[in-house]
Amino acid sequence: MTHQQRPGPRLSPSGDTSDIEDIVAALVPRLAHFAGVARTEHVTRAAGELRVPQSTLSRAMVRLEQDLGVDLFARRGRTVSLTPAGRSFLRSVERALAEIGRAVEEVRADADPAGGKVAFGFLHTMGSETVPGLIRAFRADHPRVRFSLVQNYGEAMLEGLRAGELDLCLTSPVPDAPDLVGRRLDEQKLRLVVPADHRLAGRRRVRLAEAADEAFVTLEPGYGLRRITDDVCREAGFVPRVAFEGEEAETLRGLVAAGLGVALLPPPAVPRPGVVELTVTAPRAVREIGVAWLEGHPDTPPVAAFKRFLLSRRGRLLSTTPPDL
């Protein structure tokens, strides 16, 4: 069966993307009206259900057919029935409207003060103890709030904030950028980690300059801890000779245990055999931990509640960190 064609604006034969975008923008406001008329097969009845004037609805359906260049309805007075093209179009419209409905439900659920969702990023080194403890403490008062968790290095998480993929992140160093807000929450002492049979292994404390001739294993460039390592070593009077680069602190500890170098790392959640962790007395070797979010970005109630909770932990964010050895 052939469809009767109507004169009027048509998509170009090439299906140019800009033409498609233009017609989609014109069609979207009429889709719910079309579905209502198709469901009732009566313009007057549909107008009553949709709470729009009958004349407005009739004109909207005529314009819809003109924009598409296809008859969607066969008309008998105020009663209408779908043409084959109309039935085909209705199936797609119903799927589209259902998807929009699901999207509305999802964003409302995410913004629900009691049971919404927080997209939260954090450093790998905070994943075993600190973040689980924070979430457990927060959920004691907000048991239904859900979390979408992302572990990554600092720069990647800041890009996640800018892209709208994260609401908040724990990172180091605390960012200083005009489009971001950063708040310092705590600081963490870094230790010089050496193999158990290393010449310094019998010590408890060390000046970092004493490791100037050592090979270092570090995180890759772009990681906050790598930047801090380079800066602290420079302050101690040397540029670290990097033997290996990795993406995760515990991997670096394994490389140190294997005798491949030394590393400047935050305390482990669980002591690792094969290494000795020395307190650095000079220069001051610490990393600041802070929370960051996108400047001017509106918070949903659950995000605002978790942000307040994190800020309330200032100075005791890392309370689960083991004491200095």
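Anyway, here's the lowdown on the structure attached to this text. All residue numbers refer to positions counted from 1 along the written sequence of the respective chain. Local features in this predicted model are restricted to residues whose pLDDT is 70 or higher, and side-chain atom pairs enter the listing and the counts only when it is 80 or higher, whereas totals over whole chains, interfaces and linings include all residues. Side-chain calculation: all heavy atoms of the structure are included, whereas hydrogens and water are not.

Some points on the nonpolar core
Counting residues in hydrophobic clusters, the biggest one holds 34 residues, and the most contacted among them are Phe 120, Leu 170, Phe 306, Leu 310 and Leu 317. Secondary structure elements with two or more residues in this core: β3 (117-122), α6 (130-139), α7 (154-162), β5 (168-171), β6 (180-189), β13 (286-294) and α10 (301-312). Here, nonpolar core refers to any group of buried Ala, Val, Leu, Ile, Met, Phe, Trp, Tyr and Cys residues whose side-chain atoms link them within 4.5 Å. Burial classes follow relative accessibility: with a 1.4 Å probe on protein chains only, a residue under 20% of its type's maximum area counts as buried, one over 50% as exposed, and anything between as partly exposed. Core analysis: the second largest hydrophobic core is formed by 30 residues, Leu 208, Leu 219, Tyr 223 and Leu 264 among them. Secondary structure is summarised from DSSP: a helix means a run of H or I of at least four residues, a strand means a run of E of at least two, and numbering begins at the N terminus for each.

Overview of the sheet that holds β13
Whether two strands pair depends on DSSP finding at least two bridges between them. Reading across the sheet, the five strands line up as β4-β3-β5-β13-β6 and stay open at both edges, with mixed pairing between neighbours. Sheet topology places β4 (146-151) and β6 at the edges, where each strand pairs with a single neighbour. The mean angle between the axes of side-by-side strands here comes to 20°, regardless of whether they run parallel or antiparallel. Relative to β13, β5 runs antiparallel, the two being bridged by three bridges. Its bridge partner lying in β13, Cys 169 is registered against Ala 292. Whether two residues touch is decided by their heavy atoms; if any such pair falls within 4.5 Å, the residues are in contact. Axes here mean lines fitted to C-alpha atoms, for a helix over just the part in contact, with angles spanning 0 to 180 degrees between N-to-C directions. Along the sheet face, α7 touches β3, β4, β5, β6 and β13 and points at about 165° away from the line of β5. Contacts from α10 reach β3, β4, β5, β6 and β13, with the element oriented near 40° to β3.

Concerning empty space enclosed by the protein
Empty space left among the atoms is revealed by rolling a probe the size of a water molecule over them. Put simply, the grid is 1 Å and covers the protein atoms alone, a cavity is a trapped set of points that fit a 1.4 Å probe, a pocket is an open set with protein on both sides within 12 Å along at least five of seven lines, and lining residues have an atom within 4 Å of a point. Grid points are joined across faces, edges and corners, and a volume is the space filled by probe spheres set on the points. The final tally for this structure, using the stated rule, is three cavities of 30 Å³ or more. Lining the largest cavity are 15 residues, with Leu 123, Thr 125, Leu 219, Tyr 223 and Arg 287 sitting closest to its centre. Under the scheme applied, nonpolar residues are Ala, Val, Leu, Ile, Met, Phe, Trp, Tyr, Cys and Pro; charged residues are Asp, Glu, Lys and Arg; polar residues are all the others, including Gly. Here the residues of the lining of the largest cavity are counted per class, giving six nonpolar, six polar and three charged. Here the second largest cavity is characterised by a volume of approximately 50 Å³. Residue composition of the lining of the second largest cavity, grouped by class: five nonpolar, one polar and two charged.

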